[in-house]
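The chain contents come next:
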Amino acid sequence: MIVRSKPRLQDILLTVNGSILPRIVGKLGLIAVVSAIAVLAAQEHPGIFARISAIPFTLIGIALSVFMSFRNNTCYARWWEGRQLWGELIISARSLGRETLLLPEDERRELLRGVCGFACGLAARLRGQSEIAAIEPWIDIGSEAEVPNVTNAVLDRMGRRLLTLMQEGSITPIHYSVLEDEIRSLSKVQAACERISMTPVPFAYSLLLHRTALIFCVMLPFSLAGSVGWWTLLPALLIAYTFFGLDALGHELEDPFGFEPNCLPVYALKRTIEREMLSLLGERDLPPPMKPEKSILH
Amino acid sequence: MIVRSKPRLQDILLTVNGSILPRIVGKLGLIAVVSAIAVLAAQEHPGIFARISAIPFTLIGIALSVFMSFRNNTCYARWWEGRQLWGELIISARSLGRETLLLPEDERRELLRGVCGFACGLAARLRGQSEIAAIEPWIDIGSEAEVPNVTNAVLDRMGRRLLTLMQEGSITPIHYSVLEDEIRSLSKVQAACERISMTPVPFAYSLLLHRTALIFCVMLPFSLAGSVGWWTLLPALLIAYTFFGLDALGHELEDPFGFEPNCLPVYALKRTIEREMLSLLGERDLPPPMKPEKSILH
Amino acid sequence: MIVRSKPRLQDILLTVNGSILPRIVGKLGLIAVVSAIAVLAAQEHPGIFARISAIPFTLIGIALSVFMSFRNNTCYARWWEGRQLWGELIISARSLGRETLLLPEDERRELLRGVCGFACGLAARLRGQSEIAAIEPWIDIGSEAEVPNVTNAVLDRMGRRLLTLMQEGSITPIHYSVLEDEIRSLSKVQAACERISMTPVPFAYSLLLHRTALIFCVMLPFSLAGSVGWWTLLPALLIAYTFFGLDALGHELEDPFGFEPNCLPVYALKRTIEREMLSLLGERDLPPPMKPEKSILH
Amino acid sequence: MIVRSKPRLQDILLTVNGSILPRIVGKLGLIAVVSAIAVLAAQEHPGIFARISAIPFTLIGIALSVFMSFRNNTCYARWWEGRQLWGELIISARSLGRETLLLPEDERRELLRGVCGFACGLAARLRGQSEIAAIEPWIDIGSEAEVPNVTNAVLDRMGRRLLTLMQEGSITPIHYSVLEDEIRSLSKVQAACERISMTPVPFAYSLLLHRTALIFCVMLPFSLAGSVGWWTLLPALLIAYTFFGLDALGHELEDPFGFEPNCLPVYALKRTIEREMLSLLGERDLPPPMKPEKSILH
Amino acid sequence: MIVRSKPRLQDILLTVNGSILPRIVGKLGLIAVVSAIAVLAAQEHPGIFARISAIPFTLIGIALSVFMSFRNNTCYARWWEGRQLWGELIISARSLGRETLLLPEDERRELLRGVCGFACGLAARLRGQSEIAAIEPWIDIGSEAEVPNVTNAVLDRMGRRLLTLMQEGSITPIHYSVLEDEIRSLSKVQAACERISMTPVPFAYSLLLHRTALIFCVMLPFSLAGSVGWWTLLPALLIAYTFFGLDALGHELEDPFGFEPNCLPVYALKRTIEREMLSLLGERDLPPPMKPEKSILH
């Protein structure tokens, strides 16, 4: 996530860091070259170009805006749902902390360290890293390391412990159901994160919009070159910047758990949970909260 | 579901597999032919065509974009809700696995195999295949094979078992209500999937948009031919590609549980559940996760 | 609900059944006549018409598209919410069937027949028919026939029975709360269906859009007649078809429980519930599922 | 709420009652006068007006449509949420009626009369009338009349009674939690209605859109007068009718609990609750349901 | 929050207070200067400017409207979710008040003062002030002042008290779970407010829209100057007012808990909670409700 204050006037023009510009500079160059070719060709053969009307391009451009807006809406909704899910993780972690306050100290330690292990495992799973390596500092997973879904095994472990506590009579069945609700909520967070991470926006959508946007931006200069000459460059580049920029941004937000600058700060959220859980367990020496590097919080 | 990484520049132009292009190539051909006729006719009778203005077409085109965007929104929402429902199925399956950890081994086996049977039955039901054949490898359905809704009968079976366990005193009433909540959640997944599968977007909507899009794309070349000559082909085909493509895509997403390339990977999701349930039952020899065939995961 | 497969090319052009066309053919005729008058007037007095520009009409048309899209969105959301509510009714009916599996046979019969009575009563209430006549085949409502809300009285009856079972000790308080949850869910379905049915989209919205669409479509030919002559008919009719069609469709979806072709198949859904409940009670001789008549499922 | 059937063709043109027209007739007169001035000025100084192009106005008009649509969406969502909340109030009232069926008669009477008092108090609170006067016919509020939130005090009273019943052992703790859930749901309805009523759409939004719409409609005639002469009046008034009308409607829906024609029929909903509660208490002499006055239900 | 009635005609033109105008007056001045330069340049070199067509600008302007509308939608949704969360806080506070009515007086006082402390702590946390200073007047936080999340520690305190009451047998486990539900709901409000407050809309979005809007408004006068001369100022300023205004408003709503005029009245909401809690505890001398200062409620 990019952490910046509202851009002032000069920032709007000059900011590069945090902008989508570097990602699309190649395509913008292509459009610039095409525009130059169109203008030169128009000066050579004015007859042909005079006939190309801008009206069909207005039509395509507007249709493209409407559909692009739909795609951006969708990708943003995925990103924001991802953030909401990690918010729910925090709620369940804190609630587990609160609802186990009077449990025996070592039971409680196991459960809260389990929450940390779960958060670390989920972060690793979503970012394609080793879940086992992420979980091990918190709990001893032992034989469960072989199961297809190690992060879920952490929840099974916590669930087993709660069932045992209920069977032993340490907690009432109602208290069990209150605590199990939190575990179920963690389970929901995991499955929903996996859903977002493994089910992208239908590929044909992205492809159709990529294609239409590219063909449109390449053709546009030819429709303008005949009438406005070298001024063609300005609107052609501004339109290309807007369309390619929103397309690239939509792509970044589509997988909100990745490493790209606009993705969610999964590690920072995980650290928040670690700090709060350790503090609940009475530790004084907490790991520091994560800081943005070059305005980016990971 | 189509499984591909973000298209690079050359992919955008050349990818056929995963594109919606093959599905609409016939209609695009029609538009090309109509465009050619329009241009030839315009060269023959320039007087008539000079009078056709492009402005009413801009108006229709924009209105069409707005309404098409509404339809796509709706179809995408159905597709994504379908995915969410299978996500809930996974949550309930995992939670049932966790909440039954201390039940007697054979009771637990029955319940978790029931979950597998339910997932297989639901997948078969949504894809118009034999539910009984899908369920039988997991549980012995016996006389229930005659009821109108076999997949729901699997849940009834699991519910009956839970009620018996409660009556016998093996689980407390609260524990029963926690487990029954998961069964109810599976029931909800089934009814909601049936809702999406059996209630399409109102037919008159689709028909009205199909018709308007087709008439619009057929008429457009005539409005351009008089002024831009053979250049007509370019915008006419680009617009037809966008409108027909989005229409075809909307149609694919409308029934998210089908077999078309952009439909949900129902079998792969079902396999995920089978693998996790079997692993929870201590099996080592799990069926492998499904792999995409020609970039398509079924 | 109209039950049809995706229209093929010839269907798009020729389908009448299931189309919105018959409903708006009168208004389309009006627009055709107005167009003809406009063209004839333009040929008589070319000077006046040459001055009417199409640009303000483009502006009105786009604004109208945006607002019409908003209304359609709203009406579709009402229709889909109506379908979701009947889906919830099915979930609760199945869950009640499952959760009462071990109750005494006659208690269970009363409850499940009560669900059928409720579904029939609700369907009758939403479609303006006699609730009492619809409920009586299922349960003996007796003195409750006088209360202002007979369908709700069915739920009261079921609730009273559950309370009695709990007081007698036949079910535990927890089991009561699980079953009462299903009754409450049925109650929610009823109140939400009544909400949709009795609170239309604000009348002034519909009126404003009807008016603007009508005036716009009547005025449009005059803006085109001067420049495109008899070609005026084509865009004028296409635009009128789109706007009037979407307006009529929106009106059909606004009250999703009615009898119009695109309304929800309330009777078919009711029949589904009856079949499943009777099957749960061990009946073999089930009423057949409803079939579409002339592609329409009621 | 305006209660009318779908307008027929003549209604569309002639209906005044239920239309937004009376509310905006002053502004429309202003636009008519401005248009006349513009036309006369254009006839006097044709040179100046010939230079004013309509294109920037198309741009502003489209932008305005998009933003206006956003505002209408928002206001409609508030109105519909208001209706949903009163629907939830009805669900909770009916459920309380059902779940208390076996309580001692006088306890039940107190609770159900409490629901009526709550509904009346909430209606009065939302419409700026005396809560105490509205509640007193139903329950004797006594010393609670002094608290800052009298309507909430009714819920406190009901909650205290339920707690007492539980402490006395008349109801089990589970039954208490089922009943308390309904009270909490009433509490949620109140807080959410207060939220809608006391937090309008940000003032700067409304102001910006009011301003832009007014300046736009005043300037538009000047851009048309040069080319279309007295025809200016038609599009100028149609556009002003659409924009001013939607703006006024949005304003009516923004506070859905008010007295304006398109506001929710809060009194009729309250009466529905009174009738059902009294009928549950065995009364025969129910107050009649409310009838629309001049097509408006209050 | 700005508290004003609907603006009358003169207000629309003259209101400054509550308008977004002061915030964007600098940028509007820039556009005025650029417009003047464009007109003067066009008078000097009419040949060059005659060639600049307005059509590409229409296209960019419409695309910008569509994307801007998306951003405003998003920011408004954040603002409204913020308001909903504080509404939930009020519901939980009132419900806690009701559900603890029969607890021992001093236990109840601790819990309700805890709610006030939580509301004050959350308000301080969201507005970047000292949480400890805000909480201390209500409860003695003692050693908990050192933990990373002091406001959450207030909930832990309340949760511990409830667990103790359950262990002592003062409340039943069910009653505990009802009360703990309210605490969890407060916990959810806190985590969701932190989510909105700490995760802004992706920076690259805002930057891309700021940039495109600025470049567009600077370039627009050049496209108009050639044809409409000094009239350029009017549409250029109106468009700049709309785009810059909505951009600035979106920025204000993006962080709904700030101090800017259109932000939520967090302090007034907090005061409402304090008043109701103190009144429930039998206090007569309540702090007065907050009043708007210069039409702004903080």
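Throughout, a residue's number is its position along its own chain's written sequence, starting from 1. Labels are handed out in written order, letters beginning with A for the chains and numbers beginning with 1 for the ligands. Only residues with pLDDT of 70 or above have their local features reported here, since the model is predicted, and side-chain atom pairs are shown and tallied only from 80 upward, although totals for entire chains, interfaces and linings are computed over all residues. Computation of side-chain values covers all heavy atoms of the structure but excludes hydrogens and water.

S.K.: Help me out: how do you make sense of the overall build of chain A in this one?
M.R.: Secondary structure elements follow DSSP: runs of H or I of four or more residues count as helices, runs of E of two or more count as strands, with numbering from the N terminus. Scanning chain A from N- to C-terminus turns up 11 helices and 0 strands. Secondary structure of chain A in N-to-C order comes out as α-α-α-α-α-α-α-α-α-α-α. In terms of C-alpha radius of gyration, chain A reaches 26 Å, well past the compact-globule figure of 19 Å for 298 residues. Taken over the C-alpha atoms alone, chain A extends approximately 90 × 35 × 30 Å along its principal axes. Only protein chains enter the accessibility calculation, which uses a 1.4 Å probe; a residue is then buried when its area is under 20% of its type maximum, exposed when over 50%, and partly exposed in between. Classification of the 298 residues of chain A by burial places 63% in the buried group. A separation threshold of at least 6 residues defines the contact pool for chain A, and within that pool the share at least 24 residues apart is 72%. Note on areas: these come from Shrake-Rupley sampling with a 1.4 Å probe, and a residue is covered only by the protein chains present in the view. Summed over all atoms, the accessible surface of chain A reaches about 10100 Å², with 58% contributed by carbon and sulfur. Charged residues are defined narrowly, with Lys and Arg counted positive, Asp and Glu counted negative, and His plus the chain ends left uncounted. In this description, the location of a charge corresponds to atom NZ of lysine, CZ of arginine, CG of aspartate or CD of glutamate. The average position of the 29 basic charges and that of the 30 acidic charges among the side chains of chain A differ by 8 Å. For the radius of gyration, the atoms used are the C-alpha atoms, and the globule rule reads 2.2 Å times the number of residues raised to 0.38. Here a residue-residue contact requires only that any non-hydrogen atoms of the pair lie within 4.5 Å.

S.K.: Honestly, the interface of chain A and chain B in this entry has me stumped. Any pointers?
M.R.: By a widespread convention, an interface's size corresponds to the accessible area lost as its parts come together. Opposite the 62 residues of chain A that make contact, chain B presents 75 residues. Taken over both partners, the interface formed by chain A and chain B buries close to 6200 Å², and the fraction arising from carbon and sulfur atoms is 72%. A pair is scored as a salt bridge if a Lys or Arg side-chain nitrogen falls within 4 Å of a carboxyl oxygen belonging to Asp or Glu. Taken together, the connections running from chain A to chain B amount to 3 salt bridges. With a shortest N-O distance of 3.1 Å, Arg94 of chain B and Glu194 of chain A are connected by a salt bridge. Within 3.5 Å is the distance limit for a polar contact, defined as a pair of N or O atoms, with the added protein rule that one can donate a hydrogen and the other accept it, and that residues adjacent in sequence qualify only through two side-chain atoms. Along the contact surface separating chain A from chain B lie 8 residue pairs in polar contact (both at pLDDT 80 or more). Breaking the side of chain A that touches chain B down by element, the ones donating at least two residues are α4 (55-99), α7 (150-168), α8 (173-198) and α9 (203-228) of chain A. If you tally residues by element for the side of chain A that touches chain B, the top one is α8 of chain A, at 15 residues. Grouping the constituent residues of the side of chain A that touches chain B by class yields 35 nonpolar, 14 polar and 13 charged. In short, buried area is how much 1.4 Å probe accessible area vanishes from two parts on joining, totalled over both. Note on residue categories: nonpolar means Ala, Val, Leu, Ile, Met, Phe, Trp, Tyr, Cys or Pro, charged means Asp, Glu, Lys or Arg, and polar means any other residue, Gly included.

S.K.: Just to check I follow, could you spell out the nonpolar core for this structure?
M.R.: Generally speaking, nonpolar side chains in soluble globular proteins are found buried as a group. Within this scheme, the nonpolar core is defined by two criteria: the residues are buried Ala, Val, Leu, Ile, Met, Phe, Trp, Tyr or Cys, and they are joined through side-chain atoms within 4.5 Å. Ranked by internal contacts, the top residues of the largest apolar core, which has 468 residues, are Trp86 of chain A, Trp86 of chain B, Trp86 of chain C, Trp86 of chain D together with Trp86 of chain E. Filtering out sequence-adjacent residues up to four positions away, Trp86 of chain E remains in contact with Ala119, Leu122, Ala123, Leu126, Cys193, Phe257, Val266, Leu269, Lys270 and Ile273 of chain E. Counting residues in hydrophobic clusters, the runner-up holds 5 residues, among them Ile174 of chain B, Ile174 of chain C, Ile174 of chain D together with Ile174 of chain E.

S.K.: I keep staring at the arrangement of the chains and nothing clicks. Help me out?
M.R.: Chain C makes no contact with chain A, the minimum C-alpha separation between the two being 11 Å. Taking C-alpha atoms as the reference, chain B and chain D come no closer than 11 Å and do not contact one another.

S.K.: Is there a simple way to explain the relation of the copies chain A and chain B in this structure?
M.R.: Both copies of the chain are tied together by a single rotation about an axis and a shift running along it. Least-squares fitting of chain A to chain B yields an RMSD of 0.0 Å, with the superposition described by an axial translation of 0.0 Å and a rotation of 72 degrees. Here the two chains are linked by the operation of a five-fold rotation axis. Both copies present different contact surfaces, since only 6% of the interface residues of chain A are interface residues in chain B too. Copy-to-copy alignment: least squares on C-alpha atoms, limited to residues at pLDDT 70 or above in both.

S.K.: Where do I start with the packing of aromatic side chains in this structure?
M.R.: Note on aromatic pairs: each is described by the distance of the centres and the angle between the planes. Here a Phe, Tyr or Trp ring, Trp counted by its six-membered ring, pairs with any other such ring whose centre lies within 6.5 Å, and the pair is stacked when the planes are under 30 degrees apart, edge-to-face when over 60, and tilted otherwise. Evaluated as defined, the whole model comprises 40 aromatic pairs over all chains. Plain terms: the ring middles of Phe243 of chain A and Phe67 of chain E are 6.4 Å apart, the flat faces sit at 85 degrees to each other, and that makes the pair edge-to-face. Taken together, the positions of Phe243 of chain A in helix α10 (residues 233-254) and Phe67 of chain E in helix α4 (residues 55-99) put the pair across two chains. The exposure class assigned to Phe67 of chain E is buried, which follows from its relative accessible area of 2%. Here the aromatic rings of Trp79 of chain B and Trp80 of chain B are separated by 6.1 Å at their centres, their planes lie at 25 degrees, and the arrangement is stacked. In terms of burial, Trp79 of chain B and Trp80 of chain B fall into one category: buried. A connected cluster of aromatic rings, assembled from ring pairs, spans Phe70 and Tyr205 of chain A together with Tyr76, Trp79 and Trp80 of chain B. Above the face of the Phe259 of chain C ring, Arg127 of chain C is positioned so that its terminal group lies 4.7 Å from the ring centre. Two conditions define a charge located above a ring, namely a distance within 6 Å from the ring centre to NZ of Lys or CZ of Arg, and an angle within 35 degrees of the ring normal.

S.K.: Just to check I follow, could you spell out the relation of the copies chain B and chain C for this structure?
M.R.: Once chain B is rotated about the relating axis by 72 degrees and shifted along it by 0.0 Å, it coincides with chain C to within an RMSD of 0.0 Å. A distinct binding surface is used by each copy, with only 5% of the interface residues of chain B retained as interface residues in chain C.

S.K.: For this particular structure, what's the right way to read the state of the cysteines?
M.R.: As used in these notes, a disulfide is a covalent bond between sulfur atoms, one from each of two cysteines. Only a pair of cysteine sulfur atoms within 2.5 Å counts as a disulfide in this structure description. This structure, assessed with the given rule, holds 0 disulfides over all chains. Cys75 of chain A provides the cysteine sulfur closest to Cys217 of chain A, a residue in no disulfide bond, and the two sulfurs are 18 Å apart. Owing to a relative accessible area of 3%, Cys217 of chain A belongs among the buried residues under this scheme. Here Cys263 of chain C stays unpaired: no disulfide links it, and the sulfur of Cys75 of chain C, its closest cysteine neighbor, is 11 Å away. By relative accessible area, Cys263 of chain C is classed as buried at 1%.

S.K.: Help me understand the interface of chain B and chain C, please; the structure alone is not making it clear to me.
M.R.: Each partner contributes residues to the interface: chain B has 62 residues there, and chain C has 74 residues. Between chain B and chain C the total buried area reaches about 6200 Å² when both faces are included, carbon and sulfur atoms providing 72% of it. Our count for the chain B to chain C interface comes out at 3 salt bridges. For the salt bridge of Glu182 of chain C with Arg184 of chain B, the shortest nitrogen-to-oxygen distance reads 2.7 Å. At the boundary of chain B with chain C, the tally comes to 8 residue pairs in polar contact (both at pLDDT 80 or more). Those elements that place two or more of their residues in the side of chain B that touches chain C are α4 (55-99), α7 (150-168), α8 (173-198) and α9 (203-228) of chain B. Here the side of chain B that touches chain C gets 15 residues from one element, more than from any other, and that element is α8 of chain B. Considered class by class, the residues forming the side of chain B that touches chain C number 35 nonpolar, 14 polar and 13 charged.

S.K.: Looking at this structure, how should I read a negative patch on the surface?
M.R.: To count toward a patch, a residue needs a relative accessible area above 30% and no salt bridge. Like charges then connect within 9 Å, nonpolar side chains (Val, Leu, Ile, Met, Phe, Trp, Tyr) within 5 Å. Together, Asp181 of chain A, Asp181 of chain B, Asp181 of chain C, Asp181 of chain D together with Asp181 of chain E give the surface a local cluster of negative charge. On the secondary structure map, Asp181 of chain A appears in helix α8.

S.K.: What exactly am I supposed to notice about helix α2 (residues 21-44) of chain E here?
M.R.: Working note: α-helix, 3.6 residues per turn, so residues spaced by three or four point in the same direction. All names here are of chain E. By definition here, a helix of n residues has an expected span of 1.5 Å times n minus one. For α2, spanning 24 residues, the distance from its first C-alpha to its last is 33 Å, which sits close to the expected 34 Å at 1.5 Å a residue. Roughly 35 degrees is the biggest bend found in α2, and it falls at Lys27. When α2 is considered as a whole, its buried residues turn out to be Ile24, Leu28, Ile31, Val34, Ser35, Ala38, Val39 and Ala42. By definition, a residue's bend is the angle between the axes fitted to the seven residues ending there and the seven starting there.

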